[in-house]
Amino acid sequence: MGDFEWKAAWMRQHPLKSAGVILFLMGRYLFAAFFVYGFWHKLVKGWLWTDLMEGFFRLRLSELEAGSFQALYLEYFAIPLAMPIAWIVTVGELIIALGLITGTAVRLNAAFALFMFINFAAGAYYNLTLPPFMVFALLMMLLPSGHWLGIDRKLHRTYPESIWFK
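Please read all numbers here as calculations on a predicted model, not as lab measurements.

(A) Expanded view of the overall build of the protein chain. When you go through the protein chain residue by residue, the secondary structure sums to nine helices and zero strands. Counting from the amino terminus, the protein chain carries its helices and strands in the arrangement α-α-α-α-α-α-α-α-α. The buried share of the protein chain, reckoned over its 166 residues, is 39%. Sequence-distant contacts, at least 24 apart, represent 65% of the contacts inside the protein chain between residues at least 6 apart. When the accessible surface of the protein chain is totalled, it reaches about 9600 Å², and 72% of it is carbon and sulfur.

(B) Molecular detail of the layout of surface pockets. Estimates place the volume of the largest pocket at around 720 Å³. If you list the elements that add at least two residues to the lining of the largest pocket, you get α2 (15-45), α3 (52-63), α4 (69-78), α5 (82-102), α6 (106-122) and α7 (130-142). Sorting elements by how many residues they give to the lining of the largest pocket places α2 first, with six residues. Of the residues in the lining of the largest pocket, the class split is 20 nonpolar, five polar and two charged.

(C) Seen up close, the nonpolar core. Counting 40 residues, the largest nonpolar core has F31, F35, F57, L100, F117 and M140 as its most contacted members. Ranked by the residues each element gives to this core, the list is headed by α6, at eight residues. Setting aside residues no more than four positions away along its own chain, M140 makes contact with F24, R28, F31, L100, V106, R107 and A110.

(D) Looking closely at the UniProt feature "transmembrane region" (unreviewed entry) in the protein chain. UniProt records the feature "transmembrane region" (unreviewed entry) at residues 21-40, 77-101, 108-126 and 132-151, using the numbering of this structure. With 88% helix and 0% strand, residues 77-101 has end C-alpha atoms that lie 32 Å from one another.

(E) Representation of the packing of α3 against α4. Relative orientation of the contacting elements α3 and α4 amounts to 150°, with a least axis distance of 9 Å. When the interaxial angle is binned, α3 and α4 end up roughly antiparallel. The element α3 and its partner α4 pack so that their crossing is left-handed. Between α3 and α4, the residues in contact are F57, R60 and L61 and A71, L74, E75 and A78, respectively. Looking at the contact of α3 with α4, its residues break down into five nonpolar, no polar and two charged.

(F) α5, seen in detail. Between the first and last C-alpha of α5 there are 30 Å, a value that for 21 residues agrees with the 30 Å anticipated at 1.5 Å per step. Three or more residues of α5 are buried, namely A82, I85, A86, V89, T90, G92, E93, I96, A97, G99 and L100. The inward-facing, buried residues of α5 abut α2, α3, α4, α6 and α7. Just past α5, the residue G103 takes up positive phi, approximately 75°.

(G) Looking closely at unusual backbone geometry. Despite not being glycine, A105 shows a phi value in the positive range, around 50°. Along the chain, A105 turns up in the loop between α5 and α6. Take A105: its relative accessible area is 10%, and that puts it in the buried class.

(H) Spatial organisation of the packing of aromatic side chains. In the structure shown here, the tally under the stated rule is 19 aromatic pairs. Both rings, one in F31 and one in F117, keep their centres 6.0 Å apart while their planes meet at 85°; by these two values the pair is edge-to-face. Placement of the pair is F31 in helix α2 and F117 in helix α6, with a sequence separation of 86 residues. For F31, a relative accessible area of 2% translates into the label buried.

Reading guide: rules and limits
- Residue indices begin from 1 for each chain and proceed along its sequence in written order.
- Thresholds applied to this predicted model are a pLDDT of at least 70 for local features of residues and 80 or more for the giving and counting of side-chain atom pairs; totals over whole chains, interfaces and linings are not thresholded and use all residues.
- To obtain the side-chain values, all non-hydrogen atoms of the structure were included, while hydrogens and water were left out.
- Numbering of helices and strands starts at the N terminus; helices are DSSP runs of H or I of at least 4 residues and strands are runs of E of at least 2.
- Buried residues are those whose accessible area, probed at 1.4 Å on protein chains only, stays under 20% of the maximum for their type, while exposed residues exceed 50% and partly exposed ones sit between those limits.
- Should any heavy atoms of two residues lie within 4.5 Å, those residues are considered in contact.
- Surface accessibility in these figures is a Shrake-Rupley result with a 1.4 Å probe; residues are shielded only by whichever protein chains are displayed.
- Using a grid of 1 Å spacing that covers the protein atoms alone, one calls a set of points a cavity when a 1.4 Å probe fits there but cannot get out, and a pocket when the set is open and has protein on both sides within 12 Å along at least five of seven lines; lining residues are those with an atom within 4 Å of a point.
- Grid points are joined across faces, edges and corners, and a volume is the space filled by probe spheres set on the points.
- Residue type decides the class: Asp, Glu, Lys and Arg count as charged, Ala, Val, Leu, Ile, Met, Phe, Trp, Tyr, Cys and Pro as nonpolar, and the leftover types, Gly among them, as polar.
- To form a nonpolar core, buried Ala, Val, Leu, Ile, Met, Phe, Trp, Tyr and Cys residues must be joined to one another through side-chain atoms within 4.5 Å.
- UniProt positions are given in the numbering used here, feature names are shortened, and annotations may be inferred rather than shown by experiment.
- Axis definition: a line fitted to C-alpha atoms, limited for helices to the stretch in contact. Angles are taken between N-to-C directions and run from 0 to 180 degrees.
- Between 65 and 115 degrees an angle is taken as roughly perpendicular, under 35 as roughly parallel, over 145 as roughly antiparallel, and anywhere else as oblique.
- Each crossing gets its hand from how the near helix is turned against the far one by less than a right angle, where anticlockwise is left-handed and clockwise is right-handed.
- One fewer than the residue count of a helix, multiplied by 1.5 Å, yields its expected span.
- Ring geometry is summarised as follows: Phe, Tyr and Trp rings, the Trp one being its six-membered ring, pair when their centres sit within 6.5 Å, and such pairs are stacked at plane angles under 30 degrees, edge-to-face over 60 and tilted between the two.

In structure tokens:
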């Protein structure tokens with residue numbers, strides 16, 4: 001799928017591949033919209049300058065079985081680092097969204113998104129939306145969607161040895 005071209009003749013010759021690429025790109029932009037929403041919500045709610053995240057962590061900790069992995073993760077990692085985590089999550093959501101929208105370092109941004117999802121699950125913030133998001137993040141790491149539509153194609157040509165734009 002790395003040889004996709006935005007030309008009508010090519011798309012007529014490869015209709016299934018073209019449809020797959022277009023659907024995948026639509027998924028990438030929906031994925032980016034999820035991160036834009038997450039960033040905006042946290043920004044307007046004041047997560048960067050209040051103790052909201054610590055409060056969420058403490059509430060979740062009170063609901064968990066003592067000694068479980070998630071409880072230990074929250075108690076010894078997330079709660080003590082609540083403010084830096086709030087910044088990493090909020091600013092990270094913005095970075096991921098911008099990278100996916102512009103098609104810049106898509107694979108790296110997908111890896112960052114996967115890292116965030118794994119940490120959400122570790123903190124017992126698991127729900128049924130996480131597995132599909134994790135799978136799609138893995139697919140974005142494997143497929144060159146930044147080359148299909150984005151800045152990665154041009155950057156890869158300029159810096160062919162860079163892992164950031166492969």
